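What the coordinates show
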Amino acid sequence: MAETQAAPPVRVAPSGKVYRQIFDAEVQLVKSYDKVKEKPRASPTSGLLPLVHEGRATTGTGILTARQKTWIEGMPNDSTIENPVLYRKAVNLVSDRSKEPESLTAAREVRGLEDVVVAEKTGSDIIERIAESRRQRHESALEDMHQELGVISTDTEPKIANLGETLMGYLEENDQEIDQLLSRIADDSMLIDYSLPQLRELWVMVASQSSVRREKIHELDSELQKVEDSRMDQISEVLKSYAKTLEQIAHMMAPDVTRRMEKEAMEINQSVLANKRAYADLFARLMTADVEREKKQHLQWLDRVGDWRELNTKRTIEQFREFMHSAPVVQPPGADQVLEHLLTEQKAQAQKRMDLLNSIKDMKPPSSTKTSVYEWYNALSTVNEQIDQLHVQYMGKLHGEYEKVCQECLTEIEKYRELLITRGICGQERSLQVINEHFLPLVGERQRAFEDKLEAMDKALEELSEESANQLKSLFKFAQGGAHIWDVHEIGLAKQERVLQEKLEACRHSHDASNQDREANLDIVMDHMRQDSTEEALQNSLQQALTMLNIIKEGYELFHGQQVNIVKGYPSMVTDELTNYDAALCRFFGVDRNPTGPSKTTTKSPRKKKGDTTARSVSSMSTSSFVSTKVSSTSPLPAVIHEVLTTKKGTSFYVLTEAGEHGIPPEADSTSEPVFLTESETKEDLPAYIENVKLFKSLFVALKKHMRMEFLNHLEEWTGQAVERAKSVVAAKCEELNSELDLRLHLHSPRAKRIEMDVHNVRAAELVMHQERVSRHCKGITTALNELKSRFTDLNTEHNRMFEQFREHIENMEHIFINATKSAKLVSLTNSLQTELEKFMDTIRVSLRQFRGFLDDTLATLRESNARFRMSFKLFSDGGNFSPEEIEEYRKKLERMANKIDSAEGFVMADLEGMEARRLEQATEVVNKFEDRFKNHLMDLIFIEKVTRWFTNTQVKIKSEVQESNTQSQTLHNHLNRLERRIDAVAKPNPDKEQLTPQQLVDYMAEVMETVHDRSQYLNCLKESAPPPEPAPAPAPAPTGRVGFVDGALVQPGKGGKQVAEDASIGVIKNILKTQKVQADGAEVDAEDDKTAAARAVFGDERQRTGLRSVATSRPPTSSSIATSLKKSGRATLTRGDTTLSMVSAGGGTQQVKRLSGRRGSKSKIEKRVTVFGEGPYELTHFLGLVRKILSDALEGLFTIGEVYYKQKGNRTPTRPENIQSNMDDFADIVVGKLQSYQQQADEYHNACLQEFRQQLTRLEELVADVPSLVVTELLQTHLQTAAASRENIQANFSQRVKGWDTEKQTHENDLRPTLGHPQKAGELKTLCDREDARNLEQLRGIQDNNQALQDCVSQHAQSFVADLSQTGEKLLLLYDNLLTIDDVQTGRIDIEKFPTTTLIRKKQAGIDLNDHEYRPTLPRGSNTWPGIPADDMVLQKPPEIKPVTKSGRKTATEKKSKTKQVQKPKTTAAVSTAKTTLGHSSTVEARDKAYQDYLNKFKFSLSSIADQKDAQLTSETRWTDNWSTSVQKVKDLY
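Residue positions are given per chain, counting from 1 as you read along its sequence in written order. Restriction of local features to residues with pLDDT of at least 70 applies here, the model being predicted, together with a cutoff of 80 or more for giving and counting side-chain atom pairs; totals for whole chains, interfaces and linings are based on all residues. For the side-chain quantities, the full set of heavy atoms in the structure was used; hydrogens and water were omitted.

Here a helix means four or more residues in a row that DSSP labels H or I, a strand means two or more in a row labelled E, and each is numbered from the N terminus. Expected helix span is taken as 1.5 Å per residue step, with the number of steps being one fewer than the number of residues. With 29 residues, helix α24 (residues 884-912) ought to run about 42 Å at 1.5 Å a step, and its terminal C-alpha atoms sit 44 Å apart, in line with that. Within α24, burial applies to Glu886, Ile887, Tyr890, Leu894, Met897, Ile901, Ala904, Val908 and Leu912. Buried means the residue's accessible area, taken with a 1.4 Å probe over protein chains only, is under 20% of the maximum for its type, while exposed means over 50%, and partly exposed covers the values in between.

In structure tokens:
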């Protein structure tokens, strides 16, 4: 307001220019309006305060924003810190201004304008002066611009000159460096020391200089371009600056200034283009000159590389020739080592063979057998073969060594070849040519020399092996002949021993046959003695046996004399065999004991014995084998004695001149001096490998002579030994025969005594023993029969004692009948009478059976023993030891004992027949007398127990229904807890929680709904308007409840999450019955009925397990309490009826009661009492109906048993008046009152269950309202992930294609070389450009296709999501129609809630009715129709097609239809109508709409990102295309 009251500023308006004044006023008005408008919108500082709705993305990781943290961390009175109070005030001011209407804002802005506008002064020439000033300044600016352009050119030209001079200086220096590099390989002596990589490295160095030179040329070109660009930038800045200056001067119009500046720029551009053409021409000339220089230098380098190859090839050939003449190749060290090893092995094997040859010296009888000779020869042959194998082995090694040397030569050739190739000296073909011409002939010469040496060595070793084999074979034949003679001699001696043994065996066989006949006769006499039955017969048989024994003894002595004579003829047989052996041995070795020769031996004919023929045949065979065919023993020429041999004992043998094929040759004995094995012989000049293994002839002659002398010495020794052995054999055999005779006589001498003791005396003892056995048997039977009679007498005495005990026991049961309180006890006692009777009779029968069994067993045993004893008399022919006379005598005695057993059996059986019947009659009489006295006690006690049982059964049935109700309640409570846990597990997943999906949660929710419906049906609490739910999956079986009748009371269902004992509803529990206990006079507790005991066990254990206490005021109707209640009625007693009662079934109770009451005349009163719980039929599907049915059945059953009892009782006084009412009416009043109290307590329990059920329904509705958001969120995430995966797949495929295009780009860029700009290669350049154009077109199409594919993918997934979302929402809405709410069930009796006084006062002040306790729902209930979601918001719209317009200018019919379609309303999914409105319905719709909106935002963002990606790809490709075109043009401009 202060501003509006101040004096306005004064303005001057020129006269005559009103329009200008008006224009100025308008300008001032606009400016003032803008200032006023901007003032309230000014922001004091940057940034905003955090708002409540800001999320994590805005506020960051903490609760406070960065601005708020600055406020908190700042120091007080800090001027650099923003004042939050002022900031808040400014924000509030802006907020308040934004809420004001526009009219108020406009009025305030208009009020801020100035009120008075003052005009300017008149008559001024300012315009002319301004125009002149502008002209002068314009011309001055142009002049300054041209001066600045000249300065720019002056500064630029020295830079260009310096760049050219620098490049030329560098090129000259580089030429000198290249000449120095090439001068290194100008001389051959220096060239040959280079390797090919070094030569190539040298060329690389030269070529690298070329690349550096070209880089310098390129740098020159780029520097020139930079200089020119810099000049252009400076010129452009100057032109821009002066263009602005001229426009500001405003001497010329802006278009004129622009045209003038464009003209200047065009002239400058023409100069710049001329400069660039000169630069390009310079660059092309420099590049061409450098390429020509590089080509010339490369040809020079190639010539020197060829010279280098020739020099290195010649040097390599000389190196290999030196290698072939070296010592390791001519005389390989490996071959020398093999020969040394061969000589060592030969010496070892030769020594081994010599040891075997010397071992033949020890080969003399008896060890010189054919087997030992064969073994010796096999060992010698093995050693000889080992020597041959050793030769073969080492020949192979020598061959291998020589082959190895040749192979090393070839390897060396390969190394030289690889060296030639790897060093680049030769190629493949040239290297093979050098190898074939110069290398391989040298290797062939050396290989032939090795083969000749090996062939000579192999031939010498083969001849030596054959010679050694013949010599060893001759020695083997000689040794085999001597061994054969000894073997023949041993066979002859063994044959003489067999002849001696055969003679002894023949003599023994003859003696054994005669002795066997004598032993047989003795056995016959012994058999007669064994079976004799008298003493006289036994004595005669004994004398005959002794006579036969003497005859056998004489035969033994005769046999001994015959055998001694045969043994004494054995030495003469051995002497004959020794004579034959001496003759054969002398013939074999060519010696004789007589100097006259073998003629005397042939004239002397030895004693002809049985073995002479064999000896002569063996001698002739050996002679024919070992004596030469040229000289024989039957030759008519006399033998010449060559040598006399003397044995160790001095016996002389004369050596004859004949010798066999393998005998001792006579020329070996021509010298007088003996030949020893160590004597040196004349040896040829043999190689070392032959000398080591050669066997000389003198060795074999010495071995044969030594062997002959050993055999002759053994002959002398063996002759005496054989005779002594024969004599010792005779002595030993005679001693053996004497011992045999002594043994036979020793064994024969005690036989007479044994016959007398073992046969004669044994038979006599058997006759005495048979007599004693029969006597003992008869005495035992008599004793057993006497014992049997004594046991029968004891049995009668025991039965009399048992009867007296039975009678006393029955009499003692009287006080139990009088004091019994249970009918079961009386019935059991009555039954026990018969049981006791049966026990008594069973005892009697058992004892009688036992005695009969004992009697039968004893008599049978006696008879069997008698018969078995009689059958034990067996003759000798049957394996026994009785004679026929003994058997006949003893059989008569046993028949007399059998008759005695039969008479004893008849006596005992006569007394046993009537004993059992007499005892049964006595016991039955005692029992019948006792039963007649106590029948009425039993009937009264049975009635009391039947009444008690009906009440107990009624209690148990009601408890069962209460237990069923509690089980349902607990099951529902568990379902709700589990549903809450599962909702939490799905909403906040954790590894420790249950793992399940939202769909599984929905399935479980349907199961819970079905459980709720079952609970409502059982409580019968549904209102009539509540629709029945649709069938749902069957719920899981509920766990067994733990709440029922406890301590006789109804237990209320517990609140959720509390134990039953802690529930406050226990205060409304009313008991029905307590545990029934009856004590008789403070004594022991009687046994209960089976059903009562079972029910008590079940609920008694339940009471102990839950630990609940009874809060009831009434006691269960025990027998004593019911009797007391009935007695107080004071009615008259009924007449006495029958003495037995029977239970009446609950089903037929009404008809029975009516029938009985009609007989008594009080039918109407009884019927009224029977229908106190209503008339049937009852509904058996809910709790109260089942309870009424149970109470009605109990009432009918109690009336029936009462009518039956009082009719049977009649007018007699009850035996228990303190427990039984006197008439039926008093009994009926008490029964009805008790059952009505049961009904009242059941109704209270039902109301408590109903209130709990309403709380569970409220909790269920709140829980299921959280499920839709989880299901819809999971559906949203699934579809988003699926869509993202599909897009990634499409993008991955496109990325692969992009990589291929990038590869093609790189290839094309590499192929675009500067040489393609030459006119001769225009075709190649055009082909490359065509390939690039094709790739560009393909990539553009690929980008379009990828963009379209991504859009289609997003659209398809969006449509799929809309369909699934709509279907899921519809299913959930229909599912919630099955949900029971608190409004669908009855309210029941609700206790009025008591509020504090302060609360009541506030309600009264608020005008709330204090007496209004009616329940009101939290949201409107009833049916509802839920709208669908948009179906076409996420559909890609195709761009409209441009249709041609008709000549008349009217639109076509197609355009009209399309326009009509565009005007149509948007499509939505189908609406869903539900019968209810619950929290679940509303949460389902909210979650569905929110998920739809989230997906719509994602859809739009995806389309936007796809479009941005497409634009980026197209932009990148456009830039590449422009760059490619520029590069191609530059290449073309080079030429």
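Anyway, onward from the coordinates.
Now for the packing of helix α14 (residues 428-530) against helix α21 (residues 751-811). All axes are obtained by fitting lines to C-alpha atoms, using only the stretch in contact for helices, and the reported angles, taken between N-to-C directions, cover 0 to 180 degrees. Closest axis-to-axis distance for the α14/α21 pair is 9 Å, and the angle between their directions is 25°. Judged by the inter-axis angle, α14 sits roughly parallel to α21. Between α14 and α21, the residues in contact are Glu519, Leu522, Met526, Met529 and Arg530 and Arg751, Ile755, Val759, His760, Arg763 and Glu766, respectively. In terms of residue class, the contact of α14 with α21 is built from five nonpolar, one polar and five charged. Note on angle classes: values under 35 degrees are labelled roughly parallel, values over 145 roughly antiparallel, values of 65 to 115 roughly perpendicular, and the remainder oblique. Contacts are assigned to residue pairs that have any heavy atoms within 4.5 Å of one another. Residues are sorted three ways: Asp, Glu, Lys and Arg are charged, Ala, Val, Leu, Ile, Met, Phe, Trp, Tyr, Cys and Pro are nonpolar, and all the rest, Gly among them, are polar.

Next up on the list: a negative patch on the surface. Note that patches include only residues with greater than 30% relative accessible area and no salt bridge, and the join distances are 9 Å for like charges and 5 Å for nonpolar side chains (Val, Leu, Ile, Met, Phe, Trp, Tyr). Accessibility throughout is a Shrake-Rupley quantity obtained with a 1.4 Å probe, and a residue counts as covered only by protein chains that appear here. The salt bridge definition used is simple: a Lys or Arg side-chain nitrogen within 4 Å of an Asp or Glu carboxyl oxygen. Neither His nor the chain termini are counted; the positive set is Lys and Arg, and the negative set is Asp and Glu. Taken as the charge location is NZ of Lys, CZ of Arg, CG of Asp or CD of Glu. A surface patch of like charges, here negative, comprises Glu403, Glu451, Asp452, Glu455, Asp458, Glu462, Glu463 and Glu466. Here the negative patch takes seven residues from α14, the largest share from any one element. By the element assignment, glutamate 451 lies in helix α14. On the accessibility criterion, glutamate 451 (45% relative accessible area) is partly exposed.

Close contact between helix α26 (residues 935-987) and helix α32 (residues 1183-1209) brings their axes to 10 Å; oriented N to C, the two are set at 175°. One element, α26, and the other, α32, form an angle in the roughly antiparallel class. Looking at the contact of α26 with α32 residue by residue, the classes come out as 16 nonpolar, four polar and six charged.

It is worth spelling out unusual backbone geometry at this point. Even without being glycine, alanine 250 reaches a positive phi, approximately 65°. Tracing the backbone through its elements, the reader meets alanine 250 in the loop between α9 (196-249) and α10 (254-324). Taking the relative accessible area as the measure of exposure, alanine 250 reaches 31% and is therefore partly exposed. In this structure, asparagine 1020 is a non-glycine residue whose phi angle is positive, near 55°. Along the chain, asparagine 1020 falls in the loop between α27 (998-1019) and α28 (1090-1106). The class of asparagine 1020 is partly exposed, set by a relative accessible area of 40%.

As a further point, take the packing of aromatic side chains. Where two aromatic rings form a pair, the distance of their centres and the angle of their planes describe that pair. Each aromatic pair joins two rings of Phe, Tyr and Trp (for Trp, the six-membered one) with centres within 6.5 Å, and gets the label stacked for planes under 30 degrees apart, edge-to-face for over 60, and tilted for any other angle. On inspection of all chains with the given rule, the structure shows 26 aromatic pairs. Ring centres of phenylalanine 320 and phenylalanine 439 lie 4.3 Å apart, and the angle between their planes is 10°; this geometry places the pair in the stacked category. Taken together, the residues phenylalanine 320 in helix α10 and phenylalanine 439 in helix α14 connect sequence positions 119 residues apart. Judged by its relative accessible area of 0%, phenylalanine 320 is buried.

Take a nonpolar patch on the surface next. On the surface, a cluster of nonpolar side chains totalling about 250 Å² of accessible area is made up of Ile126, Ile127 and Ile130. Looking at where isoleucine 130 falls in the secondary structure, it is placed in helix α7 (residues 126-182). The class for isoleucine 130 is partly exposed, based on a relative accessible area of 32%.

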